[in-house]
Amino acid sequence: MSIAFRDYIAIARPSHWFKNLFIVPGVLLSYAFRPEGVRPEAWWLIIAGVVSVCLVASSNYVLNEILDARSDAFHRQKKERPLASGRVALPWAYTEWLVLALVGLGTAWLVSSHLFVSALLLWIMGCLYNVPPVRLKDQPYLDVLSESVNNPLRLAIGWFATGQTALPTLSVLCAYWMFGAFLMALKRFGEYRHIADAHTARLYRRSFRHYSE
């Protein structure tokens, strides 16, 4: 495998697919709350749901790598990423972003329209989080709250992957969102402390201009 090909795989971050384990509670809650809504072929649908969410998440990761390349140069480790270090061609990176999204959303559509909408919302949140002028990741507090929306969206993907057509319980979605917000806040705190310099932290992530340890 050539170095260039490895770099294009790297920007899709398959090593981060483990985060999609957050769909598992959606699957379990589907069986616990509405077993009558589970389709007989649910396990095949769940596999398709996992493939879909992994590809859509990778599309978002590629977009993140593209739009963060300049700020990543101020991070001790991230400056070595393929785009930040210039090892990946920008037009091909954008092509990869779109192809991953189309295949992931197409897979979701084959399962159900409900799963498609959930996967589409996950992709849209990735755009809102990364793309100017909205770029929620630069907004204090909203950076944490918007990124953690992906938690209830993953739960919904797990729920609908079993064949459900009714919406998941709202209180469970809200609780899962706040649990994700707690984890994201810890992640931001860890990043800020790891950089160990307020000026560098603000150059790396604009929301850090409004934070202190």
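Since we're looking at a predicted model, the values are computed, not measured.

Visitor: Would you mind going over the pattern of salt bridges in detail, with residue names and values included?
Guide: Per the stated rule, a full pass over the model turns up 11 salt bridges. Note that arginine 188 is salt-bridged to glutamate 191, the shortest N-O span being 3.2 Å. Note that arginine 188 and glutamate 191 are positioned in helix α8 (residues 170-195) at a spacing of three residues, about one turn of the helix. With relative accessibility at 5%, the residue arginine 188 sits in the buried group. Ionic contacts of the salt-bridge type, sharing partners, join the residues Asp68, Arg135, Lys137 and Asp138 into one network.

Visitor: So, the packing of aromatic side chains: which residues are in play, and what are the values?
Guide: On inspection of all chains with the given rule, the structure shows eight aromatic pairs. With a centroid separation of 6.1 Å and 70 degrees between ring planes, the pair formed by tyrosine 94 and tryptophan 97 is classed as edge-to-face. Taken as a pair, tyrosine 94 and tryptophan 97 lie in helix α4 (residues 90-111) at a separation of three residues, close to a single helical turn. Residue tyrosine 94 is classed as partly exposed on the basis of its relative accessible area, which comes to 32%. Relative to tyrosine 211, the ring of tyrosine 141 lies with its centre 5.5 Å away and its plane at 70 degrees, an arrangement referred to as edge-to-face.

Visitor: How would you summarise the nonpolar core if you had to cite specific residues and measurements?
Guide: One finds Ile11, Val62 and Leu83 to be the most contacted residues of the largest nonpolar core, which totals 36 residues. Counting residues per element, the ones that place at least two in this core are α1 (3-11), α3 (42-72), α4, α5 (113-130) and α7 (150-161). Ranked by residues supplied to this core, first place goes to α3 with nine residues. Those residues in contact with isoleucine 11 that sit more than four places away from it in its chain are Tyr61, Val62, Glu65, Pro82, Leu83, Val88, Ala93 and Glu96. Ile195, Ala201, Phe208 and Tyr211 belong to the second largest nonpolar core, which has six residues in total.

Visitor: Would you mind going over the environment of proline 91 in detail, with residue names and values included?
Guide: Considering the arrangement of structural elements, one finds proline 91 in helix α4. Placed 48 residues apart in sequence, proline 91 and glutamine 139 show a C-alpha to C-alpha distance of 28 Å.

What counts and what doesn't
- Residues numbered from 1 in each chain as written.
- Predicted model: local features only at pLDDT ≥ 70, side-chain atom pairs only at ≥ 80, totals over all residues.
- Heavy atoms only, no water.
- Salt bridge = Lys/Arg side-chain N within 4 Å of Asp/Glu carboxyl O.
- Helix = DSSP H or I, 4+ residues; strand = E, 2+ residues; numbered from the N terminus.
- Buried < 20%, exposed > 50% of the residue type's maximum accessible area, 1.4 Å probe, protein only.
- Phe/Tyr/Trp six-rings, centres within 6.5 Å; stacked < 30°, edge-to-face > 60°.
- Core = buried A, V, L, I, M, F, W, Y, C linked by side-chain atoms within 4.5 Å.
- Contact = heavy atoms within 4.5 Å.

The analysis is restricted to geometry; functional conclusions fall outside its scope.
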